[in-house]
Structure formats: C-alpha cells, structure tokens
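Each chain, written out:
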Amino acid sequence: MFVRSMIIVTPSALMTVIMKDMGIGYSEAGMMVYITTIVMGIFLFVGSSSISRMGAIRTLIIAMVFLTLDGVLSYVSHNYLLVLFGRVLSGVGNGLSIGACSSLIAAWFDKKHHGIANSISSITYSVSVAVAYAIIVPIYELAGSWQNEMVLWSGLSILCCVALLIWGRGKADKTVVVKVTGIDQAQTSSLRCAMKYREVWYLAIAMTGFMWAIKCLISYLPSYLSQSYGLPIARASSVTGIFSLAGILGSMAAGLIYPTVRSKKMLLLVPIIVALVVSLGIPVLLPGILLYSCIFLFGFSHMSWSTVSSTLLMDLEGVTPGILSGLMAIMLGLGTFFTVFAPFLFDKLIGIVGMQKTMLLFASVLVVSLISMLLYKASRPSDKDRIPSNIDNTYL
C-alpha cells in the first residue's frame with residue numbers, strides 16, 4: 001500500500017515542479033491527476049474478472065507491474081503524452097490492486113475477523129497516504145528531480161512484485177474460480193453475480209454522496225479558510241490533516257465495534273447522520289474548537305462507515321472472494337465515476353453562488369446517502385442468483 005500510495009500521490013504533491021519542468025499549464029497538470037481516477041474506476045470492474053480467472057495474488061502482481069511502468073515512463077520521457085500514458089497505467093494498477101487486496105482479506109480471515117482486518121487495511125492506507133505527503137518533497141530534494149523520485153518508487157514496486165512471486169509460489173489461491181462443469185462461463189462472472197445483490201447498489205449510492213462531500217472538503221477547505229477568515233495557508237492546510245487522524249480512529253473503532261453490534265444497519269445510519277450534520281456546519285463555523293471538532297467528526301464518520309460497508313459486503317450470503325471484488329467495484333466505481341465531475345461543477349457553482357454556499361450544496365448530497373441507507377435492507381439472494389455450487393473455488 002505504501003509503494004502504491006507513493007507512485008499515485010507523487011505527481012499531485014509535486015504538480016508545480018512538474019508543470020515548470022515540462023512547460024505545461026494547470027489543465028494539462030490536472031489531467032494527470034484526473035485520468036488516474038477515471039481509469040481506476042474502470043479497472044475496478046476489470047479486476048473482478050481478473051481475480052476470478054487468475055486469483056488475487058496474480059492480479060496484485062500485475063497491478064504492481066503497471067504501477068512500475070508509470071514510474072519508468074516518467075523517468076525515460078519528457079514527452080507529456082507519454083507521461084500521461086504512464087498515469088493511465090497507474091490508474092490500471094490502482095484499480096486492479098483495490099479489489100485484489102479486499103479479496104485476499106476475505107479469503108485469509110474468518111468471518112468474525114473481517115471487521116478488524118478491514119480496519120487494519122484502512123488504517124494502513126490512511127497512514128501510507130499521510131506518510132507519502134510528508135516525505136515526497138524531502139525525497140525530491142535529495143533525488144534532484146521528480147523523475148528520479150518516480151523511478152525510485154518503481155524500483156520498490158519491482159521488489160514488491162518479486163516478493164509476491166516468491167511468497168505466492170505454490171500457495172493455494174482461494175480467490176480464483178477455475179473449474180466450471182456444465183455451466184456457461186458467462187454465468188459465473190463475478191461481476192454479474194455481484195450485480196444481483198441489491199445491497200451493493202444502496203451502498204454505492206451512499207458512497208457516492210460521501211465521495212462528493214469529502215472531495216469538496218479536502219480540496220477546497222484550506223482555500224476557503226484562508227480567503228474567508230485570513231488563516232495562513234500553512235495553518236489552513238494543516239487543518240485538513242484532522243481528517244486523516246480522525247479517519248484512522250474511525251476505522252479502528254468500526255473494526256472493534258462491528259462484531260459486537262447486532263443491527264448492522266445502525267452502523268451504517270449513525271455515521272451518515274453525524275457526517276451530514278457536521279458537514280453542514282463546517283462552512284459556516286468560525287475557526288476554533290467547534291469547527292475542528294466538526295472536521296474530526298466528519299473524518300471519523302467517513303472512515304468508520306467505509307470500514308463497516310466493506311465488511312458488510314464480505315459477510316453477505318453466498319459471497320466468495322471473487323464476487324467480493326465485483327461488489328467492491330460497484331460500490332467504489334459508481335462513486336469514482338461521478339466524483340470525477342465534482343471539481344468542474346464546484347468551480348462553476350463558485351462563480352454563481354460563492355464558495356460557502358457551494359460547499360453547503362455539496363455537503364447536502366449526503367441527504368441522498370441517508371435516504372439510501374434508510375432504504376437499505378439486507379436480503380439473501382435467491383438460489384438462482386448465487387454462484388453455482390459446482391464451481392471448484394480452489395487453485396489450479
């Protein structure tokens with residue numbers, strides 16, 4: 001996760017440096033960030049099929065290869081289109097790796113440990129991103145150029161591939177579906193099976209609302225605090241660090257509480273209600289303890305809800321690790337697709353109603369998430385909707 005975070009985050013953190021080095025503008029630099037997100041959303045779905053056919057370990061190795069190629073292209077070429085193609089490959093690797101990691105958690109841990117395993121995974125990701133942002137600039141100064149830093153992370157990615165090859169050699173991969181007898185292969189598509197679970201569509205809608213709100217707050221809150229209240233930009237930017245800290249604690253709490261709470265729907269409803277209330281307060285509160293508390297509660301609620309929702313998908317009746325990758329693709333892919341358009345809409349609305357009202361409008365999208373969770377009802381799929389029983393779910 002750390003190496004993946006470094007390869008994905010480095011161009012964002014060093015965007016000004018890259019713009020100057022390559023002689024490009026904000027639109028071209030922004031495309032280097034957005035193209036990764038778009039491709040990631042697409043390959044979340046592709047990863048579901050890959051995991052069913054090859055297993056999560058092999059899929060994860062392929063994902064790391066694509067991430068490695070991003071760094072290599074950045075190093076060997078100063079051509080913008082080739083570097084942009086490298087970012088496309090990075091999106092492929094990121095999309096494939098997300099489903100693979102979730103499937104491995106489902107395959108390796110007992111159902112009663114899914115909550116805490118998901119919690120640890122979320123915490124690891126949050127810490128990796130935080131560490132990435134903290135060390136990217138110092139390493140850039142030591143490396144001498146952003147290309148040298150990218151190839152450094154590519155080298156570490158190659159080492160990860162080698163480690164996975166050695167570690168996974170000869171091991172049974174419980175995430176691969178390899179033997180189908182008397183059934184059309186299309187009927188065993190993990191994504192097709194996943195689409196029949198209505199729960200995932202409710203969760204996908206709720207996740208989309210969260211993504212819109214968190215995208216707005218993380219991206220624009222520092223500028224808003226600086227422009228509206230005169231906070232120094234360094235201090236305004238550090239305020240958003242509260243999100244990451246709160247997210248770590250939220251994931252940890254969700255992992256510990258999940259096995260003890262019988263009504264899982266309450267674990268979905270409470271965080272969204274809290275997030276909705278505090279997100280409406282963040283744009284109107286003055287800098288101080290109350291504002292910082294709201295930011296903390298939003299980050300805590302967001303990551304606790306994310307941990308609970310991914311664990312619920314693992315625990316649905318009839319879900320195999322392969323189907324889980326399809327469920328994760330639907331939940332995250334839908335939100336990723338719509339969130340790509342959020343910055344463009346945000347910029348348009350700022351010119352019409354101002355930043356404060358725009359932030360309130362984006363926060364109000366969580367009402368849709370709340371309605372989706374009120375309608376959420378876990379159900380067992382009918383026998384015809386489950387993965388066929390004569391599929392051998394073992395390693396070939």
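Everything quoted here is computed from the prediction, not taken from an experiment.

Engineer: Report on the environment of Gly-47, specifying residues and quantitative values.
Structural biologist: On the secondary structure map, Gly-47 appears in helix α3 (residues 26-54). C-alpha separation for the pair Gly-47 and Ser-190, spaced 143 residues apart in sequence, amounts to 10.0 Å. With residues up to four places along the chain from it excluded, the contact list for Gly-47 reads Leu-96 and Ser-325.

Engineer: If you had to explain helix α11 (residues 241-257) to someone new, which residues and values would you point to?
Structural biologist: End to end, α11 covers 25 Å across 17 residues, agreeing with the expected 24 Å (1.5 Å per residue, within 8%). Every buried residue of α11 is accounted for by Phe-243, Ala-246, Gly-247, Ile-248, Gly-250, Ser-251, Ala-254 and Gly-255.

Engineer: Tell me what's going on with the nonpolar core, and back it up with residues and numbers.
Structural biologist: Phe-298, Trp-305, Leu-313, Leu-327 and Met-373 are the most contacted members of the largest nonpolar core, which has 69 residues in total. At 16 residues, helix α9 (residues 198-229) tops the list of elements feeding residues into this core. Once you skip the residues sitting within four places of it in the chain, Trp-305 turns out to touch Leu-203, Ala-206, Met-207, Phe-210, Leu-267, Leu-268, Pro-271, Ile-272 and Met-373. Ile-7, Leu-14, Ala-132 and Ile-139 belong to the second largest nonpolar core, which has 37 residues in total.

Engineer: Hey, could you go over the packing of helix α13 (residues 289-315) against helix α14 (residues 321-339) for me, with residue numbers and the actual values?
Structural biologist: Contact geometry for α13 and α14: axes closest at 9 Å, N-to-C directions at 145°. At the point where α13 passes α14, the crossing takes the right-handed sense. Residues Ser-309, Ser-310, Leu-313 and Met-314 of α13 lie in contact with α14, whose contacting residues are Leu-324, Leu-327, Met-328 and Met-331. By residue class, the composition of the contact of α13 with α14 is six nonpolar, two polar and no charged.

Engineer: Provide a residue-level description of the packing of aromatic side chains, including the pertinent values.
Structural biologist: Centre distance and the angle of the planes are the two values used to describe a pair of aromatic rings. The final tally for this structure, using the stated rule, is six aromatic pairs. Arranged with centres 5.4 Å apart and planes meeting at 45°, the rings of Phe-210 and Trp-305 form a pair that is tilted. Pair noted here: Phe-210 is in helix α9 and Trp-305 is in helix α13, with a separation of 95 residues, a long-range link. The pair formed by Phe-210 and Trp-305 is uniform in burial state, with each residue classed as buried. When the centroid spacing of 6.0 Å and the interplanar angle of 85° are considered together, the rings of Phe-243 and Phe-298 count as edge-to-face. Of this pair, Phe-243 sits in helix α11 while Phe-298 sits in helix α13, and the two are 55 residues apart along the sequence. On the accessibility criterion, Phe-298 (0% relative accessible area) is buried. Among the aromatic residues, those joined into a ring-pair cluster are Phe-210, Phe-243, Phe-298 and Trp-305. The cationic tip of Lys-264 hangs over the ring face of Tyr-258; the distance from NZ or CZ to the ring centre is 4.0 Å.

Here is what the cut-offs are and how they apply
Residues numbered from 1 in each chain as written. Predicted model: local features only at pLDDT ≥ 70, side-chain atom pairs only at ≥ 80, totals over all residues. Heavy atoms only, no water. Helix = DSSP H or I, 4+ residues; strand = E, 2+ residues; numbered from the N terminus. Contact = heavy atoms within 4.5 Å. Expected span 1.5 Å × (residues − 1). Buried < 20%, exposed > 50% of the residue type's maximum accessible area, 1.4 Å probe, protein only. Core = buried A, V, L, I, M, F, W, Y, C linked by side-chain atoms within 4.5 Å. Axes fitted to C-alpha atoms, helices over the stretch in contact; angles between N-to-C directions. Left-handed = near helix turned anticlockwise from the far one by under 90°. Nonpolar A, V, L, I, M, F, W, Y, C, P; charged D, E, K, R; others polar. Phe/Tyr/Trp six-rings, centres within 6.5 Å; stacked < 30°, edge-to-face > 60°. Lys NZ or Arg CZ within 6 Å of the ring centre and 35° of its normal.

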